[in-house]
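# Structural features, examined
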Amino acid sequence: MSQSDDDLNNGSPDMGDWAAINTVQSADKKQADAALSAPTPPTYSIPQEVQSIDFTPKGYRSYTGLGVLGLVVLIGGGLYYGYEMYPTQALENQKPVFLTSSQKPDRALDAKPRNVVERTIEFSTQPPGARVILNGNPLSELTPTQANVASDIGGQVRFSLPGYADSFKSFRDTDTKINMSLKQAEHKALQLNVESRPLGARVSVDGVPLGESPLKTKIERHAQIALKLHSKGHYPHVIIMPVGDRESVNIGETLLAGVTPRTQGTIRVVTQPENAMIERKNREGLWLKAGRSGFDGIKLAQNIGMPISFRASAEGYQTKVFTLDVVHPFYTVNLALTETQVERGDLQLNGGKKLLVFLDSEELDSLPQLAKQRKAGLHNLVVVDPKTRKRLRTKVAVIANQTTTYQLNSDAAGITIQKQPTQK
């Protein structure tokens, strides 16, 4: 059995124990000295006045998300384009898509189309069998028949029957039955010449097929016709025009290529006389100015399946209102305004040939001058003498059904005017 040597020196360490103790103390001291001699890491403090610090690294941005978004948009656009260009179902089974016409309208349609609630109107004539042209579009059936119209708008209907005069009837938004007695009339022949681009377009008048363009044929003359041109691969175009006393009518139209269903129609309004003011009725029943018709007319727009009411007015003519049910993508509506019955008279102006005379801002020819058929009433007259540079501004009166004569004189004192005795 071994025995501790602690008892040899009464528990006191001997020389060997002191050596061990000294060795351990030297190692611990070295570690402590090493710890004390190691450099202290720098410390940082945040100033008290700084509330926040942005630790976002500068000069570093990630565009990964933006690139992914752009890729998704490109793929979606490609799928949509492929679907529209190469449909997988029949054209008549596809839902209409919103497209704008290449013929930009001068006035756009309402941004918020109203809801149309249709009502049924019954049409009958004596004798029966007349064609019904309702708000610009021929119905497929003869009288007696019925059709749906917008409940919140009126319009006009035309009845056409061979051997009878055309009859027009305006109706209100509350009418449900329209009955018309037709009067016999002798119709002269109307020479109809129709050309189109492309050739071979199908032509129909008031719903009656006539053939293909170019077309030269004679039809019974009516007060107004609704002519439709339709060619495969192109949008149909309806032309509504009055015939009046004309013996021949020439129509030429270029059809727009396309087969995709449209939900916006373009209506070109042409007036006689030209440059009439065109107004269209809004959803609240107010008439808003759309512009002047001009030489080539003015273009309006409306959603297909919606009615549009517009009117044309010009000084000296009666205002004409027209309501159109927009069924086809393109229409041309010709409105011939009726001249109002106004009293007129002749104006005779006598004086020196070198005088310059302006009547209602219109320069007249050299004096003496007879201004025929001027509207009865007061007119503005301006006379200028180029030699003396004198000028006269006044008003002259024109008496209905009479010749009113004025004498103009110019001297150094100025220009004078004197009314002569009236001649009947």
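Before reading further, recall that the structure is shown in the block above.
Scope of this entry: the structure provided in the associated data block. (Residues numbered from 1 in each chain as written. Predicted model: local features only at pLDDT ≥ 70, side-chain atom pairs only at ≥ 80, totals over all residues. Heavy atoms only, no water.)

The number of helices and strands found in the chain is two helices and 29 strands. Relative to its 424 residues, the chain shows a buried fraction of 36%. The contacts of the chain with a sequence gap of at least 6 include a subset with a gap of at least 24, amounting to 56%. As displayed, the chain has an accessible area near 27,300 Å², and 52% of this comes from carbon and sulfur atoms. (Helix = DSSP H or I, 4+ residues; strand = E, 2+ residues; numbered from the N terminus. Buried < 20%, exposed > 50% of the residue type's maximum accessible area, 1.4 Å probe, protein only. Contact = heavy atoms within 4.5 Å. Areas by Shrake-Rupley, 256 points an atom, 1.4 Å probe, with all protein chains shown as cover.)

A word on the sheet that holds strand E9 (residues 202-205). Taken together, seven strands build an open sheet; the order of strands is E10-E9-E12-E13-E21-E15-E18 and the sheet is mixed. Bordering the open sheet on either side are strand E10 (208-212) and strand E18 (298-303), each of which pairs with just one other strand. Strand after strand, the sheet turns through a mean of 20° between neighbouring axes, direction not considered. (Pairing = 2+ DSSP bridges. Axes fitted to C-alpha atoms, helices over the stretch in contact; angles between N-to-C directions.)

Attention shifts here to the sheet that holds strand E14 (residues 248-254). Think of a sheet as strands paired side by side through backbone hydrogen bonds, with each pair either parallel or antiparallel. Ordered by their spatial adjacency, three strands build an open sheet running E11-E8-E14, and the pairing between neighbours is mixed. The sheet is open, and its two edges are formed by strand E11 (215-220) and E14, each paired on a single side. The mean inter-strand angle of the sheet, taken between neighbouring strand axes irrespective of direction, is 25°. Across seven bridges, strand E8 (residues 189-197) lies against E14 in parallel orientation. Opposite Arg197, over in E14, you have Thr254 as the bridge partner.

Right, let's get into the pattern of salt bridges. Evaluation of the coordinates by the stated rule reveals seven salt bridges. Among the ionic pairs, Asp175 bridges to Arg172, the shortest N-O distance being 3.6 Å. For the salt bridge of Glu279 with Arg311, the shortest nitrogen-to-oxygen distance reads 2.9 Å. Residue Glu279 is found in strand E16 (residues 277-281), and its partner Arg311 is found in strand E19 (residues 307-313); the two are separated by 32 residues along the sequence. (Salt bridge = Lys/Arg side-chain N within 4 Å of Asp/Glu carboxyl O.)

On to the packing of aromatic side chains. Taken as a whole and judged by the stated rule, the model has three aromatic pairs. An angle of 65° between the planes, with centres 6.4 Å apart, marks the rings of Phe123 and Phe159 as edge-to-face. Remark: Phe159 occurs in strand E5 (residues 155-160) and Phe123 occurs in strand E1 (residues 118-126); sequence separation between them is 36 residues. Residues Phe123 and Phe159 agree in their burial class; the two are buried. (Phe/Tyr/Trp six-rings, centres within 6.5 Å; stacked < 30°, edge-to-face > 60°.)

Attention now moves to the pairing of E19. Here E19 lies mainly inside the structure; five of its seven residues are buried. Pairing between E19 and strand E20 (residues 320-325): six bridges, direction antiparallel. Looking at E20, one finds that Pro307 is bridged to Asp325. Counting the residues in the hairpin turn of E19 and E20 gives six residues, including Gly316, whose phi is positive at 85°.

On to the nonpolar core, then. In this structure, Ile267, Val269, Phe310, Leu324 and Val333 are the most contacted members of the largest nonpolar core, which totals 21 residues. Only strand E13 (237-242), strand E15 (264-272), E18, E19, E20 and strand E21 (330-336) provide two or more residues apiece to this core. When residues no more than four places from it in sequence are discounted, the contact partners of Val269 are Ile278, Ser293, Gly297, Ile298, Leu300, Phe310, Val333 and Leu335. If you look at the next biggest cluster of nonpolar residues, it comprises 17 residues, including Val203, Val205, Leu215 and Leu227. (Core = buried A, V, L, I, M, F, W, Y, C linked by side-chain atoms within 4.5 Å.)

For the rest of this paragraph, the subject is the pairing of E1. Both faces of the sheet carry side chains from a regular strand, because those side chains alternate between them. By the alternation rule, side chains of E1 split into Arg119, Ile121, Phe123 and Thr125, which are all buried, and Glu118, Thr120, Glu122, Ser124 and Gln126, of which none is buried. The pairing of E1 with strand E4 (residues 145-150) spans six bridges and is classified as antiparallel. Looking at the pairing, Phe123 lines up with Thr145 of E4. Note that E1 and strand E7 (residues 177-181) share five bridges and pair parallel. In the strand pairing of E7, Ser124 is matched with Asn179.

So, about unusual backbone geometry. Residue Pro144 is bonded to the preceding Thr143 through a cis peptide linkage, with omega at 0°. Cis geometry is adopted by the peptide bond preceding Pro214, which originates at Ser213 and carries an omega value of 0°. Within the chain, Asp206 stands out as a residue other than glycine whose phi angle is a positive 55°. With respect to the helices and strands, the residue Asp206 is situated in the loop between E9 and E10. Residue Asp206 is classed as buried on the basis of its relative accessible area, which comes to 5%. Here Ser361, not a glycine, exhibits a phi torsion of approximately 70°, which is positive. Checked against the element boundaries, Ser361 lands in the loop between strand E23 (356-359) and strand E24 (362-363). The exposed category is assigned to Ser361, whose relative accessible area is 75%.

Further remarks concern the side chain of His222. Summarising the element assignment, His222 is placed in the loop between E11 and strand E12 (224-230). By relative accessible area, which is 10% here, His222 ends up buried. At 2.5 Å, the side chain of His222 and the side chain of Asp166 are in polar contact. (Polar contact = N/O pair within 3.5 Å; in protein donor to acceptor, adjacent residues only side chain to side chain.)

Let's shift gears to the side chain of Ser196. Relative to the helices and strands, Ser196 is located in strand E8. Residue class for Ser196 comes out buried when judged on its relative accessible area of 9%. A polar side-chain atom of Ser196 sits 2.8 Å from the main-chain carbonyl oxygen of Pro198. When residues no more than four places from it in sequence are discounted, the contact partners of Ser196 are Ala201, Ser213, Leu229 and Glu253.

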